[in-house]
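# Chains, contacts and geometry: an overview
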Amino acid sequence: MGQLKVLIVGASGFIGTNAIANLSKKYSVIPIYKTDNIDFTNIDHVRNILVQTKPNTVLNCLSYSAKHASNESEEIAKNLAMFYNFYALQDYYDQYINIGSGAEFDRAYDINLVSESQINNRIPKDAYGFAKNIIARNIASIESKFINLRIFGCFASNEWETRLLKKFSNTKGKFLLENDRYFDYIGAQDFLRVVDFVIENRIDKFDCNCVYEQKYKLSELLKLFSKIHQLNIPIEIISKSDKNYTGINTRLNNLPIKLLGLEQELSNYL
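One structure accompanies this document, and this report is about it. Owing to the predicted nature of the structure, the values given are computational and were not obtained by experimental measurement. (Residues numbered from 1 in each chain as written. Predicted model: local features only at pLDDT ≥ 70, side-chain atom pairs only at ≥ 80, totals over all residues. Heavy atoms only, no water.)

## A word on the overall build of the protein
- Regarding its fold elements, the protein presents nine helices and twelve strands.
- Taking 18 Å as the expected radius of gyration for a compact globule of 270 residues, we find that the protein reaches 19 Å, a close match to that expectation.
- Its C-alpha atoms give the protein principal-axis dimensions of roughly 55 × 40 × 35 Å.
- Each of the 270 residues in the protein was classed as buried or not, and the buried ones make up 51%.
- Contacts spanning at least 24 positions in sequence make up 78% of the contacts within the protein whose residues lie at least 6 apart.
- For the protein, the distance from the average site of its 32 positive side-chain charges to the average site of its 30 negative ones is 3 Å. (Helix = DSSP H or I, 4+ residues; strand = E, 2+ residues; numbered from the N terminus. Rg over C-alpha atoms; globule rule 2.2 N^0.38 Å. Buried < 20%, exposed > 50% of the residue type's maximum accessible area, 1.4 Å probe, protein only. Contact = heavy atoms within 4.5 Å. Lys, Arg positive; Asp, Glu negative; His and termini not counted. Charge placed at Lys NZ, Arg CZ, Asp CG, Glu CD.)

See the structure below:
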């Protein structure tokens, strides 16, 4: 048997970029970039790319955001149409990995140590969370092939300048922190170890919070980052929030995967 083929949808984004760098060491990676101009809300476009590439696994890192739509209803419709197109065409591949989000649990409320089964407790009102929630509910009800790997926060040294650790490490003087709260971050290398495990073991149904066991407030995370890299950046907490953003990691912890862990991932950042 040759190398497994992994179709990466949304290869231009942060997760997609890191997925290419990591997974191409082991698999035959087929990246689909923004510049390829493929409309994943069009089932004929999706069918054509699947027929052409014949992937074993589809790794979907793409989400249609507000910049891709004229209003929230269109944003929701595009994300759901993309998912249902791949669902309708599941005979063309063996495995579909969806990148989920903690926003599935409704960011209007405190998301504190939620389990995967709590996806049915609320339907978010924001367009992004709503679409992610509906997709996650569908994946939970499908018998096989579909996996939801849920990220609350993810970081790596090549992340956008607007991300927390990038802004903090680039700070000259005092760093102002708004809405200090417990927040789950996972390093991109560790997240992709989970993706690799799912692909390599041909897992065909799984829903998992990709989070570490120990929980940190954002201020604690930044202090740990400062300690590791011997930075002297004072932190001023502007406000505190009672809306945390964390999940239980029991399912991830039960997998036979050796993760680097938060401290090592932070060490690799600079």
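More follows now that the structure is in view.
## Notes on the state of the cysteines
- Scanning all chains against the criterion turns up zero disulfides.
- For C154, which is in no disulfide, the shortest distance to another cysteine sulfur is to C210 and amounts to 9.1 Å.
- With no disulfide partner, C210 has as its closest neighbouring cysteine sulfur the one in C208, 4.6 Å distant. (Disulfide = S-S within 2.5 Å.)

## So, the side chain of N133
- Assignment of secondary structure puts N133 in helix α4 (residues 127-141).
- Assessed through its relative accessible area of 0%, N133 is described here as buried.
- There is a polar contact of 2.6 Å between the side chain of N133 and the side chain of R137.
- In this structure N133 touches E104, I119, R122, I123 and P124, once residues within four positions along its chain are discounted. (Polar contact = N/O pair within 3.5 Å; in protein donor to acceptor, adjacent residues only side chain to side chain.)

## A look at the packing of aromatic side chains
- In the structure shown here, the tally under the stated rule is 19 aromatic pairs.
- Residues F152 and Y245 carry aromatic rings whose centres are separated by 5.2 Å and whose planes lie at 70° to one another, so their mutual orientation is edge-to-face. Of this pair, F152 sits in the loop between β6 (146-151) and β7 (154-155) while Y245 sits in strand β12 (residues 245-247); the two residues are 93 residues apart in sequence, bridging distant segments of the chain.
- With a relative accessible area of 6%, F152 lands in the buried category.
- A relative accessible area of 6% means that Y245 is categorised as buried.
- Taking the ring centre of F14 as reference, the NZ or CZ of R163 above it sits at 4.9 Å. (Phe/Tyr/Trp six-rings, centres within 6.5 Å; stacked < 30°, edge-to-face > 60°. Lys NZ or Arg CZ within 6 Å of the ring centre and 35° of its normal.)

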